[in-house]
Amino acid sequence: MAIKVDTFYGVIGSEVRDEYERVVGTLVSFSSNVDGEIQSIELKIVDRGIERIPGGRVKIVDGKIVVVPEWKYEATRVIEALERAYKRRRAVENIAKQSSIPSSIVENMKRQLTEEIKRLKIKAEEAKTRIKERIAEIDDEMLHIAGATANLQMLYFSGEISDRSYTSGMNHLRKLNDSLEREKSDAKRVLDKLEKTYEAATNVLEAPAPSKPEGEKSIQAKGEKQGPGKAPEKRDGELIVKIEEA
């Protein structure tokens, strides 16, 4: 659901955080359409410029503005679209079994949905790559934090910095590390869901075609011969083939 302008009353100048409690920037402006729906927000990024965030990545949590990471926003959109597309494709398979629907209409629906799923699978691959890249970035950042922590401890235990400085530095490093751990866990969860959704969409495309009705199956069994000029007999809706001795 789109966020309305009324929600932003009195929040200009407030800090904006991401889903992992990190400060992203300060809200300095926003844009909306004539329906009053927020289309984007403008954030001041630590005195180094302004960044525009699409409205779709913005949500309100406990009265506070929260920004969804770009990698998660894109992956979630792909997951939702893929789920909807493959469910519709399976629904069309069920419709195909109804003789009341012209086959030309059903085949056209299948073709359109198949192409849509193929397009979404490309986007899914791109989203998976982006998530894996972000996980690698987080690992590098956590390694950097570990190095900074070790250096801070060395300075403290060697008596080169005060208790206050050490405590302040450690608190910031722990908070940052905790945020990264939460983001990494979230990234793995989203990646797992994306891969499962991708697999489900692939399976629905590779599903075998519906088998022919029983009455359309071949009446000749392996090793059986139908006598010349002999038509098969029919009894109680079943086809019976008579085998003549040579």
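Looking up the protein in an unreviewed UniProt entry gives the name CdvA-like coiled-coil domain-containing protein, with the organism given as Aeropyrum pernix.

Mapped onto this structure's residue numbering, the UniProt feature "coiled-coil region" (unreviewed entry) falls at residues 103-141. Within the segment residues 103-141, helix and strand shares are 100% and 0% respectively, and the terminal C-alpha atoms sit 56 Å apart.

Taken as a whole, this structure holds 18 salt bridges when the rule is applied. Where Asp186 meets Lys72, a salt bridge forms, and the shortest distance between an N and an O atom there is 2.8 Å. Here the residue Asp186 occupies a position in helix H3 (residues 163-206), and Lys72 occupies one in helix H1 (residues 70-96), the gap between them amounting to 114 residues. Each member of the pair, Asp186 as well as Lys72, is classed as buried. Salt-bridge contacts for Arg134 lead to Glu183; the nearest nitrogen and oxygen are separated by 3.0 Å. In this pair, Arg134 is assigned in helix H2 (residues 103-157) and Glu183 in helix H3, connecting sequence segments 49 residues apart.

In the predicted model, the protein carries a mean pLDDT of 85, and the fraction of residues at 70 or more is 83%. Of all helices and strands in the protein, the one with the weakest mean pLDDT is strand S8 (residues 238-240) (44), whereas H2 scores best (95). Here residues 210-232 scores under 50 on pLDDT; set against residues more than four positions off or in separate chains, the count is 18 contacts. For the stretch residues 234-246, pLDDT sits under 50, and the model shows 15 contacts to residues farther than four places along the chain or on other chains.

Conventions we followed
- Residues numbered from 1 in each chain as written.
- Predicted model: local features only at pLDDT ≥ 70, side-chain atom pairs only at ≥ 80, totals over all residues.
- Heavy atoms only, no water.
- UniProt positions renumbered as here; feature names shortened; annotations may be inferred.
- Helix = DSSP H or I, 4+ residues; strand = E, 2+ residues; numbered from the N terminus.
- Salt bridge = Lys/Arg side-chain N within 4 Å of Asp/Glu carboxyl O.
- Buried < 20%, exposed > 50% of the residue type's maximum accessible area, 1.4 Å probe, protein only.
- pLDDT = per-residue confidence, 0-100.
- Contact = heavy atoms within 4.5 Å.

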